[in-house]
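# Secondary and tertiary structure notes
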Amino acid sequence: IHMPSRKKHFKHLRPHIVHAIIAALAVAIVALFFQVTVNTIFLFASMGGSAALIMLHPKKHTNSLRCVGLAYMIVFFVSYIAWYFMQRLPSLNSLYISVSIFFVITISFLLMVFMDVFHGPAIGGALGFVLEGQDSFELVFLFAAVVIMLYFLKLLQYMYKEELKIEHFFKEFTKEHYGQK
């Protein structure tokens, strides 16, 4: 019986170990500054997904800083609007979460596609933004922390990955920077 070499599989996995640790560490550091609740866990999971994609596929269009930043901004604003209006509707408390999630995911999805800034994990964070809407100051601070952390991860990659040139970092904010869809 011939068994495939585990060394070959480990060799392929080795660079991703560093990526996984960096992505997880970044999310864990942000989590230190917030009270971890059921609501914020959705946001941390979304951040983890974004961090992992940015680390694994830094040249993908959907992981460019323009896409990531605008996608989270869309979800943030649409979620806040949904939360604001749902709070004003009488006796819809039992339907609040379902209606809000439906609205936020549908509208966010369509706006991201329309603006060519689709980033899937941001949609996953919609639930956290809707549920966390009760404290708008903390919500803005959390949104800023998410975006800053993801931008920092991308900057780290430009500093240590040979295929990414630091002088191209600010091109990340342009629509034409990456053609890989």
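Described below are features of the structure shown in this document.

Thresholds applied
- Residues numbered from 1 in each chain as written.
- Predicted model: local features only at pLDDT ≥ 70, side-chain atom pairs only at ≥ 80, totals over all residues.
- Heavy atoms only, no water.
- Patch = residues over 30% accessible without salt bridge, like charges linked within 9 Å, V, L, I, M, F, W, Y side chains within 5 Å.
- Areas by Shrake-Rupley, 256 points an atom, 1.4 Å probe, with all protein chains shown as cover.
- Salt bridge = Lys/Arg side-chain N within 4 Å of Asp/Glu carboxyl O.
- Helix = DSSP H or I, 4+ residues; strand = E, 2+ residues; numbered from the N terminus.
- 1 Å grid on protein atoms, 1.4 Å probe; cavity = no way out; pocket = protein on both sides within 12 Å on 5 of 7 lines; lining within 4 Å.
- Points joined across faces, edges and corners; volume = space filled by probe spheres on them.
- Nonpolar A, V, L, I, M, F, W, Y, C, P; charged D, E, K, R; others polar.
- Polar contact = N/O pair within 3.5 Å; in protein donor to acceptor, adjacent residues only side chain to side chain.
- Core = buried A, V, L, I, M, F, W, Y, C linked by side-chain atoms within 4.5 Å.
- Buried < 20%, exposed > 50% of the residue type's maximum accessible area, 1.4 Å probe, protein only.
- Contact = heavy atoms within 4.5 Å.
- Expected span 1.5 Å × (residues − 1).
- Arc of directions from axis to C-beta.
- Phe/Tyr/Trp six-rings, centres within 6.5 Å; stacked < 30°, edge-to-face > 60°.

So, on to a nonpolar patch on the surface. A contiguous nonpolar surface patch, about 520 Å² in accessible area, is contributed by I81, Y84, F85, F102 and F103. For the nonpolar patch, the elements supplying multiple residues, two or more each, are α3 (65–88) and α4 (96–115). By residue number, the principal contributor to the nonpolar patch is α3, which donates three residues. For F85, the location among the structural elements is in helix α3.

Let's shift gears to the layout of surface pockets. It is the rolling of a water-molecule-sized probe over the atoms that shows where space remains empty. Estimated volume of the largest pocket: approximately 230 Å³. If you trace the largest pocket, you find 15 residues lining it, with A26, I29, V30, M149 and F152 closest to the centre. Those elements that place two or more of their residues in the lining of the largest pocket are α1 (6–32) and α7 (136–160). Element by element, the count of residues in the lining of the largest pocket is highest for α7, at eight residues. Taken together, the residues of the lining of the largest pocket break down into 15 nonpolar, no polar and no charged.

Tracing the backbone shows S64 in the loop between α2 (38–56) and α3. Within the structure, S64 has its side chain in polar contact with the backbone oxygen of H61 (distance 3.0 Å).

Before going further, it helps to spend a moment on unusual backbone geometry. Glycine aside, negative phi is the norm for most residues, and most peptide bonds take the trans geometry. We note that D116 has phi near 55°; this positive angle belongs to a residue other than glycine. Relative to the helices and strands, D116 resides in the loop between α4 and α5 (120–124).

As a further point, take the nonpolar core. Counting 38 residues, the largest nonpolar core has F44, Y72, M112, F129, M149 and L150 as its most contacted members. Those elements that provide at least two residues to this core are α1, α2, α3, α4, α5, α6 (126–131) and α7. Excluding anything up to four places from it in sequence, L150 contacts M47, S50, A51, I54, L65, V68 and Y72.

When the terminal C-alpha atoms of α2 are compared, their 27 Å separation across 19 residues agrees well with the 27 Å that a helix rising 1.5 Å per residue should span. For α2, every residue scored as buried is listed here: N39, T40, L43, F44, S46, M47, S50, A51, I54 and M55. Summarising the axial view, the buried residues of α2 lie within an arc of 165°, below the 170-degree limit, and thus occupy one face. For α2, exposure combined with an orientation more than 90 degrees from the buried face picks out V38 and A45.

Among the secondary structure elements, I97 is positioned in helix α4. For the pair I97 and L127, spaced 30 residues apart in sequence, the C-alpha separation works out to 8.3 Å.

Under the definition given, this model contains two aromatic pairs. With a centroid separation of 5.1 Å and 70° between ring planes, the pair formed by F76 and F77 is classed as edge-to-face. Accessibility expressed as a relative area gives 7% for F76, which makes it buried. With a centroid separation of 5.4 Å and 75° between ring planes, the pair formed by F109 and F118 is classed as edge-to-face. The partly exposed category is assigned to F109, whose relative accessible area is 39%. Note on F118: relative accessible area 30%, which makes it partly exposed.

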